[in-house]
Amino acid sequence: MTNTDLRAAVRGRVLLPGDDAFEQAAKPWNLSVPQPVAAVVEAADAADVAAVARYAARTGLTVTAQPGGHGASGDTDGVILLRTGRLGGVEVRREERVARVGAGVKWGEVLAEAGPLGLTGLAGSSPVVSVTGYTLGGGLSWFGRRYGFAADSVRSFDVVGADGEPATVTASSDPDLFWALRGGGGDFALVTAIEFDLHPAPALYGGRMIWPGHRTREVFEAFREITAEAPDELSVWFNRFQFPQAPPMVAVDAAFLGAEGDGRALLARLDRIGDVIADKRGPLPVANLGGITDEPTDPAPGRSRAELLTGLDDTAAKALLDTPLEPVLAVQVRHVGGALAAARPGAGPSGPMTEPYLLYLIGLALSPELSAAVGARQQRFADDLGALVSGRKPFTMLGPGERAAAAFAERDLARLRELKRARDPRGVLRANFPVLA
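All values derive from a computational prediction rather than experimental measurement.

### What to know about the environment of Gln 379
Then comes step 1: With respect to the secondary-structure elements, Gln 379 resides in helix H11 (residues 368–385).
Then comes step 2: Residues Gln 379 and Asp 232, spaced 147 residues apart in sequence, show a C-alpha to C-alpha distance of 31 Å.

Following this line, the structure appears as structure tokens:
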């Protein structure tokens, strides 16, 4: 087989090294992650996905799928990068509270369709992340405390196996593969479409409050008080910010599945903190969920790290509030728990995630030197937190250099690895964070 054969096998665009658009097409969303690949295939449809899998199986090559490039690890040397961003289509069945989406659909598209119907999917903070990649990693949502991991709401997957054969996978048709796909990553099949439950959202309240940096300790104490008694319908995140050429700031992000009056009452502790720079809380259309944090939507070079925390005692307060931020841009602490911590029959390999808080650290990686400095400061935070860092990683938030083994219980990891060997013995498929690594 030759690369000419690859071009002949699919209807979509095939780009090879030396082609004018190849380097741009091969880049991940995080531009600091090198992504060397042998070819880029932009699939036109599910038939193209099957054709690429068959081609790789015949030629001894490996395929990794990325709808848009989020969550890239850089472990792609010599592989075929399969872009599934053109596999679109959002179908919402209101009476059933079900959505069906193609592998390239982004969360913002789903929320725009579901929100006006009083429904929501279990989306995260960014509207430009693909439903498929996010869900295969488990998916930590604003509403995870109420409904669990996004993956646990999946009803079925349309997939292409390592042999190039298409199938629809459900809990009854293929229990092992269905379990693995609901949070175990993309190591087991190429997903072309997902069908999942939507959840009631007749009212939604939320937004961001911002204060100057000298209010950081007061805001943190309020965050601890609120999260100690928060109902599962409320998610609250604490943020320290240090942007270039800007003074330190502190913020709280909140999303509440309920009426404005109830949401305001639950967050009333924040209203007693003075010097508010901005208060953007209010009734929130589901389609505007991404506006709470207003994260960048264009690719950029960055370095992030996530850790699960067993608590927020005074040791945590000292580590999170007293450690200088620079060159890290943001320290975020998310309140998780609730349904995410519950043992749920039939759930995927992501949970239960019993740690009540998640730490997320992000900085720019404009140069190797800056990236190293950001990494060193992130390590300082982790070291200062000590035993409060559980050691487990949320799979959906793994970063380059980290391993899938850190995300799963030993029994679940062993089951994932056994399934990988059984379903893909020749290693035709490779996830961003492969379970066999």
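### A closer look at the pattern of salt bridges
Then comes step 1: In this structure the tally under the stated criterion is 31 salt bridges.
Then comes step 2: The shortest N-O distance in the salt bridge between Arg 423 and Asp 174 comes to 2.9 Å. Of this pair, Arg 423 sits in helix H12 (residues 410–423) while Asp 174 sits in the loop between strand S9 (166–169) and helix H7 (175–181), and the two are 249 residues apart along the sequence.

### Quick word on the side chain of Arg 182
Then comes step 1: By the secondary structure assignment, Arg 182 is in the loop between H7 and strand S10 (190–197).
Then comes step 2: Although Arg 182 lies buried, it forms no salt bridge, and the closest oppositely charged side chain, Asp 152, sits 4.5 Å away as judged by the N-O distance.

### Quick notes on the pairing of strand S17 (residues 302–309)
Then comes step 1: In terms of residue burial, S17 counts as a mostly covered element, since six of its eight residues are buried.
Then comes step 2: Relative to strand S19 (residues 357–364), S17 is paired through eight bridges, and the arrangement is antiparallel. Bridge assignment links Gly 302 to a residue of S19, and that residue is Leu 364.

### Digging into the sheet that holds strand S2 (residues 37–42)
Then comes step 1: One open sheet holds the four strands; their spatial order is S1-S2-S4-S3, and the pairing between them is mixed. The open sheet has two free edges, formed respectively by strand S1 (13–15) and strand S3 (63–66), since each of these has just one partner strand. Each neighbouring strand pair of the sheet contributes to a mean axis angle of 20°, computed without reference to strand direction.
Then comes step 2: In terms of strand pairing, S1 meets S2 through three bridges, oriented antiparallel. Considered in S2, the bridge of Leu 15 is made with Val 40.

### Concerning the nonpolar core
Then comes step 1: Membership of the largest hydrophobic core comes to 52 residues, with the highest contact counts inside it found for Phe 143, Phe 157, Phe 188, Phe 196 and Leu 289.
Then comes step 2: Of the residues forming this core, the biggest block, five residues, is contributed by H7.
Then comes step 3: Filtering out sequence-adjacent residues up to four positions away, Leu 289 remains in contact with Leu 111, Ala 123, Gly 124, Trp 142, Phe 143, Leu 204 and Leu 284.
Then comes step 4: Among the nonpolar cores identified, the runner-up in size contains 38 residues, and Trp 211, Val 236, Leu 320 and Val 389 belong to it.

### Overview of the sheet that holds strand S5 (residues 90–93)
Then comes step 1: A sheet is described by the order of its strands in space; here five strands give the open sequence S5-S6-S10-S8-S9, paired in antiparallel fashion. Among the strands making up the open sheet, the edge pair consists of S5 and S9. Strand-to-strand twist across the sheet, computed as the mean angle between neighbouring axes with direction ignored, equals 10°.
Then comes step 2: As defined by bridge partners, strand S6 (residues 98–102) adjoins S10 across five bridges and the pair is classed as antiparallel.

The rules behind these values
Residues numbered from 1 in each chain as written. Predicted model: local features only at pLDDT ≥ 70, side-chain atom pairs only at ≥ 80, totals over all residues. Heavy atoms only, no water. Helix = DSSP H or I, 4+ residues; strand = E, 2+ residues; numbered from the N terminus. Salt bridge = Lys/Arg side-chain N within 4 Å of Asp/Glu carboxyl O. Buried < 20%, exposed > 50% of the residue type's maximum accessible area, 1.4 Å probe, protein only. Lys, Arg positive; Asp, Glu negative; His and termini not counted. Pairing = 2+ DSSP bridges. Axes fitted to C-alpha atoms, helices over the stretch in contact; angles between N-to-C directions. Core = buried A, V, L, I, M, F, W, Y, C linked by side-chain atoms within 4.5 Å. Contact = heavy atoms within 4.5 Å.

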